[in-house]
Amino acid sequence: MKKLVCDVCGSDSLTKIDGMLVCKACGAKHTIEEAKKQALSSKSAKTSEPILVDISALMSPDFKNDYAEIKSVIIKGEGAIPDEAFKDFKKLKSVTIQPGITVIGNSAFFGCKSLQSVVIPNTVTTISAYAFRRCFSLESIELPKSVRLIERSAFRQCKSLKEITFPKRITKIKQSSFMDCISLEKVTIPGMAKYIGVCAFSGCSSLKEISLPDSIKKISKNAFDGCKSLESINIPRLIDIIPPDAFHECESLKTISIPENVTYIGSGSFSGCLSLETVSLPDKSISIGDYAFLNCRALKEVGISHDDYSDFASLSYELEDYDDEYVEAKDYYSPSTIYTYAFCDCSNLKTVTVPSGVTAIKDDAFFGCSSLEEITIPKTLKSIGNLKRYCRKLIKQ
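Now for a look at the structure at hand. Note that the structure is predicted; figures quoted are calculated from it, not measured. (Residues numbered from 1 in each chain as written. Predicted model: local features only at pLDDT ≥ 70, side-chain atom pairs only at ≥ 80, totals over all residues. Heavy atoms only, no water.)

**A short note on the sheet that holds strand β13 (residues 172-173)**
Argument step 1. With parallel pairing, 3 strands are arranged side by side in an open sheet as β13-β15-β17. Two strands in the sheet have a free side with no partner beyond their single neighbour: β13 and β17 (218-219).
Argument step 2. One ladder, built from 2 bridges, connects strand β15 (residues 195-196) with β17; its direction is parallel. Bridged to I196 within β17 is I219. (Pairing = 2+ DSSP bridges. Helix = DSSP H or I, 4+ residues; strand = E, 2+ residues; numbered from the N terminus.)

Shown next as structure tokens:
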């Protein structure tokens, strides 16, 4: 920041008297507002040279007017970068945050569409909501180990971001955190993570690789909706509900194995998975919601998983107070039921083995399954819908 000097004589010997800054050399008086404007002026403000800014100056109402054209900034101080501090600084390309900063405020860099480089120190613990949303040119960012919380939509619509590795202390991937990051190819989630929020990776159409640790307890609705390049994903063993549209239109997904703890597969959860060929279900009581596998036209077999989950059979845990919306399916769906249109238009589906414990199959559950030849039902089944009405090749029931 530029040092304050007297506009009359150029002396930097100023003192505050009765709310005015008075020059000791010539006696000239300056208002506080004049001093603020001088503090915010800089010859480098409209050049590519980095400027050094204290976070206290970011709170000035004149800051955005005087620094709107900067391309590079170094931020110093202690505490939080204020909310919307650099919002819509369209020419800003480089940000270096010095140690001492602990929080990146809400929408701090929202809309910095030219931003390419961000250096975050090991003192930052929180990246607030919308902090880097719509930073279209940001290709990579290294998150230090100190970061414990990434709030909702923090990196939403960072269209050039290719890879993200979360710090080990992250336990929640919040709502829409990386939604519509269309270039994101690889995500590494730490072993302490427990929760993936609503639309967390929705619209990440280039995402090919993501590994979910066994610590994950909850996946929220639309979490991976529209991840068109995702070929495989492991569903962690602690998951008990696959919520609505969780993997909707994962068009490259080829196979899925449902863990033993799952009691409900939500409405539309795998709908539009055009490459899905096999589904393995646990041999136990389970409900499959309406449209769960709608239009999975490559699906040929729905079978029973024989994975050993004995180590998890008696495992229990308490739900944490998650702040994203999460609907408990059991409040709306009857247990042990395959619902209407669950496998609608799976036109290549040939064989189905219904898990033990299922008690009802609703009308039109297999609507449009024109290739279905064999369905094996358990002794627990008490009611069965109009299977033969639309499954013309069904020969065994």
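What follows continues from the structure just given.
**Focus: the packing of aromatic side chains**
Argument step 1. Scanning all chains against the criterion turns up 18 aromatic pairs.
Argument step 2. Consider the rings of F155 and F178, whose centres lie 5.3 Å apart with planes at 5 degrees: the pair is stacked. Here F155, found in the loop between β11 (149-150) and β12 (163-165), pairs with F178, found in the loop between β13 and β14 (186-188); they are 23 residues apart in sequence, far enough to count as distant.
Argument step 3. On the basis of relative accessibility, which here comes to 0%, the residue F178 falls in the buried class.
Argument step 4. Centre to centre, the rings of Y291 and Y341 are 5.3 Å apart; their planes meet at 25 degrees, and the pair counts as stacked. (Phe/Tyr/Trp six-rings, centres within 6.5 Å; stacked < 30°, edge-to-face > 60°. Buried < 20%, exposed > 50% of the residue type's maximum accessible area, 1.4 Å probe, protein only.)

**Description of the sheet that holds strand β8 (residues 101-104)**
The strands that make up a sheet are held in pairs by hydrogen bonds between backbone atoms, and each pair lies either parallel or antiparallel.
Argument step 1. The strand order across the open sheet formed by 4 strands is β6-β8-β10-β11, and the pairing between neighbours is parallel. Either end of the sheet is taken by a strand with one partner, and the two such strands are β6 (79-81) and β11.
Argument step 2. Pairing geometry for β8 and strand β10 (residues 126-127), over 2 bridges, is parallel. The residue of β10 that forms the bridge with I104 is I127.

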